[in-house]
Amino acid sequence: MNKMSIIVLFLGFSFAYSQESQNLKLWYKVPSGDIWENALPIGNGRLGAMIYGNVDKEIIQLNEHTLWSGSPNRNDNPAALDALPKIRKLIFEGKHKQAEKLANQTIITKKSHGQMFQPLGNLDLVFDGHKNYTNYYRELDIEKAVAKTTYTVGDVTFTRETFASLTERVIVMRITASKAASLSFVANFTSSQEKKTLGTTLAKDLTISGTSSDHETVKGMVKFKGIARIKLDGGLLSSTDTSLIVKNAKTATIYISIATNFNSYKDLSGDQDKRAADYMNNAFSKSYDKLLTSHIAAHQKYFNRVKLDLGTTPAAELPTDERLKNFRNTNDPGLVSLYFQYGRYLLISASQPGGQPANLQGIWNKNINPAWDSKYTININAQMNYWPAERTNLPELHQPFLEMIKELSVTGKETAKVMYGTKGWLAHHNTDIWRTTGAVDGAFWGAWPQAGGWLSQHLWEHYLYNGDKTYLASVYPAIKGAAQFYVDFLVEDPQYKWLVVSPSISPENSPNAYEGTSIDAGTTMDNQIVFDIFSTTIRAAEALNKDTDFVETLKKLRKRLAPMHIGQYNQLQEWLDDIDNPKDNHRHISHLYGLFPSNQISAYRTPELFAASKNTLIQRGDVSTGWSMGWKVNWWAKLQDGNHAYKLIQNQLTPLGVNPDGGGTYNNLFDAHPPFQIDGNFGCTSGIAEMLLQSSDGAIHLLPALPDVWQNGTVKGLRARGGFELLEMKWKDAKIIKLVIKSTLGGNLRLRLPNVLKQKTGTDLLDAKGENPNPFYFVAETPAAIISEKATIKLLELKPTLVVDIPTKKGNSITLISN
């Protein structure tokens, strides 16, 4: 090989490598300016930061996971207990307006409507003489969890690298100049916290300390401490009362530590000063390179479990904001892969074992008074945050949410007793770090006692993936407690004689027939949630061989629950009566909970309900707020319509303002409700996984919703219920050509396939017969639908599939190939 050939080969290899490396990077040619939604997020589950990448004044916006307003408190309204019979009577008499008025007076809290997740503030870096620059570039490498900014001033190139260490409780930024003695800047904390003190120490630490805000009658008692410390290579470090000053350095490494006095939702006895100092001292003793190496390894332990390749096109060479702008009109499958993995990156960054769960904004919020208090909306949004956890191979990151549910099962016992006179526990539609379970905001939104039933499904879901009975035994009291609440709370509908939840709502929506009133009895979502928690408790108790009498009680009550209905417009009814409006485009389509995330509506077991669900989605329309579009991706995936699911991904990956009356995506790929809500990111990541693999209907269904634009691809690492992991699935022309599945628990592997496969040994596969004997795929029989006389349901035609059974042993892998 001659010298020129070697050069050409090297350049070709470099170009290929640069393409590959940019596939999992968000990158831009311009700074963020003063726009928070342009900044890039980093986090380690305890600390979150938004990196603006501005040149002459860099902003590092800082959050700590326990820095909330208020302090331990309860917000139950005991007046609900005496009013409950009156409210129910009004509902059953059709006096919904009066019922809602009474609920506002007696059910909705007279105390705190929830506390606020608050920012610490910013670390601002002001650079000398950097206003005129060239060669600007910034990126977020989600494969390494490192943000980087580079630019040139004169003949000096400056580079900043920043990460939130997953192995230490600090954020680290290294700033490097290409020439010695070229780096000078001033660092200082700024904050909109009212009760704060800014300063420096004799040791040249930059500090911020204070106490969180009072809010809605609850005194702020979270004490916080932030420390910034700088390590130099060359140059001088000096300080003023509130600033650190770097002069003529080659490299400056900034360490940021933040801590609070928060121990738990009922304990604020921690020492924030000692914690912050300990975190700082532990990290500062380590070199930047050592911290970076250990951080990347810890991040990739999670991140590298799943690989997704849907192909690439020249569009992948453009900056991320330009790709987003062009996506609806360009074939750019790489942006879908990036967005899918970005959702996983955000969950790794916002939710770590031992920390707080991701809230409405994950762990990133710049506002002292954020939208919806940036708390936990548990009528959909918080649950959606954790849809990717199990299926995209991040089960450990589910732990903060599961722990919160167990804590709510404790605080919610008092609410159940005081407000409704029942055993067990419940929560309404919102909670916060103090695990409040009372009803907030107003009866239209808050008179919804269903969160406990839904949240408990996450405890069960974690078990369905890992099969750990020791874990199941630890969460069983919370699951059982959610069911116990309904045993006492359900009431007989005087007209239909079914057992229903009353009062309640279909979250955040109301029928025209009720003249702007939402409150009702026996809404479809209510019936589905109660069916689920009864079924889950029965299965959990049977798996643990306990509570046989309680199981029999639940089975009897389950038979008396209201069935689902198909209404006059061929829709799945949202309410017990056929009063849906086919022109209703409301963002909440809560009655499709039974389709996803639940499994009560099935293409194969309940085809009429399945078809009605599609009609409901069509009537509601595609355009909606960002998180709602994320849910719709999952629904269309469950409907096995990959092209329509992809259309919703296109809607989601559209710059904010392009979709009339709808949400979209900001330049940093944050979901736009608007404003920013992170649930849309997580919902869409889950939906993309559901398009490729489903395991919720008695079998593992592969490529159930493959759109025409993804004819070829590879995915590795997705998980299925029953302890199955997809080590590799490769498809060509929409047909699987290679499939490798590992079983961690053993048992029957039932596959639903788009084409014929055989075992690598050449053995043909056996057709599946009867119910799947694998206990993790047991499906509780859903009551038959009641169909309106005016309905003309047309069943959906689905693509033909093959259903096969393969016996597996624990730890074994099965390899299948195409004929």
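Here's what I pulled together on the structure shown here. (Residues numbered from 1 in each chain as written. Predicted model: local features only at pLDDT ≥ 70, side-chain atom pairs only at ≥ 80, totals over all residues. Heavy atoms only, no water.)

1. Quick notes on the overall build of the protein
To keep things clear, this is the line we draw: Each helix corresponds to a stretch of at least 4 residues labelled H or I by DSSP, and each strand to a stretch of at least 2 residues labelled E; elements are numbered beginning at the N terminus. Throughout this description, buried means an accessible area under 20% of the type-specific maximum (1.4 Å probe, protein chains only), exposed means over 50%, and partly exposed covers the range between. Surface accessibility follows the Shrake-Rupley procedure with a 1.4 Å probe radius. Residue values consider only the protein chains on display as shielding. Asp and Glu count as negative and Lys and Arg as positive, but His and the ends of the chain are not part of the count. Where a charge sits is defined by one atom per residue type, namely NZ (Lys), CZ (Arg), CG (Asp) or CD (Glu).
Regarding its fold elements, the protein presents 19 helices and 36 strands. Once the C-alpha set of the protein is aligned to its principal axes, its extents read approximately 85 × 70 × 50 Å. Within the protein, the fraction of its 819 residues that count as buried is 63%. Carbon and sulfur atoms make up 51% of the accessible area of the protein, which totals about 29600 Å². Within the protein, one finds 88 positive and 80 negative side-chain charges whose respective centroids are separated by 4 Å.

2. Considerations on the sheet that holds strand E14 (residues 236-239)
The criterion, for reference: Two strands qualify as a pair provided that DSSP identifies no fewer than 2 bridges between them. Note on geometry: axes are C-alpha line fits, over the in-contact stretch for helices, and angles between N-to-C directions span 0 to 180 degrees.
If you trace the seven strands from one edge of the open sheet to the other, you get E2-E3-E4-E5-E10-E15-E14, paired in antiparallel fashion. The open sheet has two edge strands with one neighbour each: strand E2 (40-43) and E14. Averaged over all neighbouring strand pairs, the angle between strand axes comes to 20 degrees, with direction disregarded. Relative to strand E10 (residues 183-190), strand E5 (residues 117-127) is paired through six bridges, and the arrangement is antiparallel. The residue bridging Asp124 from the neighbouring strand is Asn188, located in E10.

3. Here we look at the environment of Gln694
Rules: Only heavy atoms enter the contact rule, under which two residues are in contact if any of them lie within 4.5 Å.
Structurally, Gln694 can be placed in strand E25 (residues 693-694). Among the residues examined, Gln694 registers a relative accessible area of 5% and is labelled buried. Apart from the residues lying within four places of it in its own chain, the contact partners of Gln694 are Ala637, Lys638, Ala699, Ile700, His701 and Pro704.

4. Details of the sheet that holds strand E1 (residues 25-28)
One open sheet accounts for nine strands, arranged E1-E6-E7-E8-E9-E16-E13-E12-E11; its pairing is antiparallel. Two strands in the sheet have a free side with no partner beyond their single neighbour: E1 and strand E11 (195-200). Taken over all neighbouring pairs, the strand axes of this sheet differ in orientation by 15 degrees on average, direction set aside. Relative to strand E8 (residues 156-164), strand E7 (residues 146-153) runs antiparallel, the two being bridged by seven bridges. Within E8, the position partnered with Thr149 by the bridge is Arg160.

5. Some remarks on the packing of helix H18 (residues 642-652) against helix H19 (residues 679-692)
The condition that has to hold: Oblique is the label for any angle not under 35 degrees, not over 145, and not in the 65 to 115 range, which are roughly parallel, roughly antiparallel and roughly perpendicular in turn. If you view the pair so one helix is near and one far, a crossing is left-handed when the near helix is turned anticlockwise from the far one by less than a right angle, and right-handed when it is turned clockwise. Residues are grouped as follows: nonpolar covers Ala, Val, Leu, Ile, Met, Phe, Trp, Tyr, Cys and Pro; charged covers Asp, Glu, Lys and Arg; every other residue, Gly included, is treated as polar.
Interhelical geometry of H18 versus H19 gives an angle of 155 degrees and a closest axis separation of 11 Å. Classified by the interaxial angle, the pair formed by H18 and H19 is roughly antiparallel. In this structure, the crossing between H18 and H19 has a hand that is left-handed. In contact with Gly642, Ala645, Tyr646, Ile649 and Gln652 of H18, H19 contributes Gly680, Asn681, Cys684, Ile688 and Met691. Tallied by class, the residues present in the contact of H18 with H19 amount to six nonpolar, four polar and no charged.

6. A word on empty space enclosed by the protein
Let me state the cut-off plainly: Cavities and pockets are defined on a 1 Å grid built over the protein atoms alone: a cavity is a set of grid points where a 1.4 Å probe fits but cannot escape, while a pocket is an open set with protein on both sides within 12 Å along at least five of seven lines, and lining residues are those with an atom within 4 Å of any such point. Grid points are joined across faces, edges and corners, and a volume is the space filled by probe spheres set on the points.
Following the criterion strictly, the structure yields five cavities of 30 Å³ or more and no others. Approximately 570 Å³ is the volume found for the largest cavity. As for the largest cavity, its lining consists of 34 residues, of which Glu461, Leu464, Pro597, Ser598 and Asn599 are closest to the centre. Looking at the lining of the largest cavity, the elements that each hand over two or more residues are helix H9 (387-391), helix H12 (451-466) and helix H14 (524-544). The greatest single-element share of the lining of the largest cavity, amounting to seven residues, is contributed by H12. Classifying every residue of the lining of the largest cavity by side-chain character gives 15 nonpolar, 12 polar and seven charged. There is about 140 Å³ of room inside the second largest cavity. Contributing to the lining of the second largest cavity are 16 residues, with Tyr604, Lys638, Gln694, Asp697 and His701 lying nearest its centre. Taken together, the residues that form the lining of the second largest cavity break down as six nonpolar, seven polar and three charged.

7. A short note on helix H7 (residues 333-350)
We apply this condition: For a helix, the expected span equals 1.5 Å multiplied by the number of residues minus one.
Across its 18 residues, H7 extends 26 Å between first and last C-alpha, which sits within 8% of the 26 Å expected from 1.5 Å per residue. Across the 18 residues of H7, 18 count as buried, placing the element largely inside the fold.

8. Regarding the environment of Leu236
Looking at where Leu236 falls in the secondary structure, it is placed in strand E14. Residue classification places Leu236 among the exposed positions, given a relative accessible area of 63%. Distance in space between the C-alpha atoms of Leu236 and Thr159 is 19 Å, their sequence separation being 77 residues. Beyond its immediate sequence surroundings of up to four residues, Leu236 is in contact with Ile245, Val246 and Lys247.

9. Side note on the packing of aromatic side chains
Basically, it comes down to this: Aromatic pairs are defined between Phe, Tyr and Trp rings, using the six-membered ring for Trp, whenever the two ring centres lie within 6.5 Å; interplanar angles under 30 degrees are classed as stacked, those over 60 as edge-to-face, and all others as tilted. Here, a charge over a ring means that NZ of Lys or CZ of Arg falls within 6 Å of the ring centre while also lying within 35 degrees of the ring normal.
Summed over the entire model, instances satisfying the criterion amount to 32 aromatic pairs. Measuring from ring centre to ring centre gives 5.2 Å for Phe485 and Tyr486, while their planes differ by 65 degrees; the resulting arrangement is edge-to-face. Like Phe485, the residue Tyr486 is buried in the burial classification. Between the aromatic rings of Phe670 and Phe676, the centroid separation amounts to 3.9 Å while the plane-to-plane angle is 10 degrees, which identifies the pairing as stacked. Residue Phe670 shares its accessibility class with Phe676, and that shared class is buried. The residue whose ring lies beneath Arg344 is Phe303, and the NZ or CZ to ring-centre distance is 5.6 Å. Of note, Lys480 hangs over the ring of Phe550, and the distance from its end group to the ring centre comes to 5.5 Å.

10. Considering the pattern of salt bridges
Formally: By definition here, a salt bridge exists when the distance from a side-chain nitrogen of Lys or Arg to a carboxyl oxygen of Asp or Glu is within 4 Å.
A complete count under the given rule lists 34 salt bridges for this structure. In this structure, Lys89 and Glu93 form a salt bridge, with 2.4 Å as the shortest nitrogen-oxygen distance. Residue Asp278 pairs with Lys274 through a salt bridge whose shortest N-O separation is 2.7 Å. Of this pair, Asp278 and Lys274 both sit in helix H4 (residues 272-284), separated by four residues, roughly a single helical turn. By relative accessible area, which is 31% here, Asp278 ends up partly exposed.

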